[in-house]
Amino acid sequence: QARRLLAGLVGRGITLSRTPAMHVAEAERQGLSGDYRLLDMDAPENSGLTLAAVLDRAEADGFDGLNVTYPFKIEVIDHLDALSDNARAVGAVNTVVFAEGRRTGHNTDLWGFAESFRRGLPDAETSHVLLLGAGGAGVAVAHALAQSGVSRLSILDSDTGRADALAGALTATHPTFRAAAVGDAARLFDTDRPDGVVNATPMGMAKLPGTAIDTGLLGPDQWVADIVYFPLETRLLAEARDRGCRVLPGSGMAVFQAVRAFELFTGRPACPDEMKATFDAF
Ligand code: NAD
């Protein structure tokens, strides 16, 4: 078992990430030395560096692994030796583990959403769920829902090609799971009302205010999860709660993806409540 954590996050525009603080605090709480570096490809000192060079250097410097975020989650796959089942299903990697000269890619966003959903919305009705957004995060959330007892998924994305492609990929990976692209939320709520809604579009972020569906469609028979966590309480969640829905904020996915990554980096279990407390302290 590790006596120290040495890891980092590679991406663009990551200066406000809470992931380093979660990892360092958890390492120190467990009596390990914690060193978690931001490898911001937008920073002047990294200009001209390629993703391949960042991975080579981290591996040579003895890093346990790296977290990978926008815009490298797909590109990084070309630089790895192996993928976990979840990373292969999603087609994206957010955690790379270096061990014995091999680089293995994992997708802890998938487990992060699944675990947040399991703990935060226990006993949620899951016969039919509407997923908003089939981009990078939406794909991970869709596979998480397929692994979380959801029977049927409707997928709405303003880019209909993305929704169609995700529906096809899901049914290929999970043969008993049903998934279909939909074009009109109001019609769906009228004719085939979902039990729950998950927002994986960026709508509701501080810089993109609003909601991807009309919240007037929602009622107390439904639950609503958002994966946007900046702000923590999106307009979608506030209005869904006002309409009597059970709600799940995006912070859970952000915390649990880090919990699983810590375990992969160190081989030691992490404490979700402690990591959540660090996340909330920001
Ligand atoms: P992305 O750009 O890859 O995908 C977003 C998708 O939403 C696109 O396919 C786009 O066409 C679609 N979309 C946008 N507006 C829409 C609308 N009004 N109606 C229907 N579809 C619409 O982005 P991403 O990387 O998937 O991230 C999405 C959001 O999830 C971001 O806000 C990000 O911060 C958040 N996120 C949260 C976590 C977490 O841990 N909680 C993890 C990853 C991403």
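Check the entry above for the structure.
Since the structure is predicted, the reported quantities are computational estimates derived from the model, not experimental observations.

Further remarks concern the packing of helix α5 (residues 136-146) against helix α6 (residues 160-173). The N-to-C vectors of α5 and α6 enclose an angle of 35°; their axes lie 11 Å apart at closest approach. As α5 runs across α6, the sense of the crossing is right-handed. Facing G138, V139, A142 and H143 of α5, the residues of α6 in contact are L166, L170 and T173. Of the residues belonging to the contact of α5 with α6, the class tally is four nonpolar, three polar and no charged.

Structurally, D40 can be placed in strand β2 (residues 33-40). The side chain of D40 is buried and forms no salt bridge, while R12, the nearest opposite charge, is found at 6.3 Å. Of note is the side chain of D40, whose polar atom sits 2.9 Å from the backbone nitrogen of D42. The residues contacting D40, other than those within four sequence positions of it, are G11, R12, G13, I14, T15 and N46.

This brings us to the pattern of salt bridges. For the coordinates displayed, the defined rule picks out 17 salt bridges. For the salt bridge of R103 with D56, the shortest nitrogen-to-oxygen distance reads 2.7 Å. Note that R103 is positioned in strand β6 (residues 102-106) and D56 in helix α2 (residues 51-60), a separation of 47 residues in sequence. Salt-bridge contacts for R162 lead to D159; the nearest nitrogen and oxygen are separated by 3.7 Å. By relative accessible area, D159 is classed as partly exposed at 38%. One connected set of salt bridges, linked through shared partners, spans D56, E59 and R103.

Time to look at unusual backbone geometry. A cis amide bond links Y70 to the next residue, P71, at an omega of 5°. Structurally, P71 can be placed in the loop between β3 (65-68) and β4 (82-83). Not every positive phi belongs to a glycine, and E100 is a case in point at roughly 50°. With a phi angle near 65°, D123 is a residue other than glycine that sits in the positive phi range. With respect to the helices and strands, the residue D123 is situated in the loop between α4 (108-120) and β7 (128-132). Judged by its relative accessible area of 78%, D123 falls in the exposed class.

What counts and what doesn't
Residues numbered from 1 in each chain as written. Predicted model: local features only at pLDDT ≥ 70, side-chain atom pairs only at ≥ 80, totals over all residues. Heavy atoms only, no water. Axes fitted to C-alpha atoms, helices over the stretch in contact; angles between N-to-C directions. Helix = DSSP H or I, 4+ residues; strand = E, 2+ residues; numbered from the N terminus. Left-handed = near helix turned anticlockwise from the far one by under 90°. Contact = heavy atoms within 4.5 Å. Nonpolar A, V, L, I, M, F, W, Y, C, P; charged D, E, K, R; others polar. Buried < 20%, exposed > 50% of the residue type's maximum accessible area, 1.4 Å probe, protein only. Lys, Arg positive; Asp, Glu negative; His and termini not counted. Salt bridge = Lys/Arg side-chain N within 4 Å of Asp/Glu carboxyl O. Polar contact = N/O pair within 3.5 Å; in protein donor to acceptor, adjacent residues only side chain to side chain.

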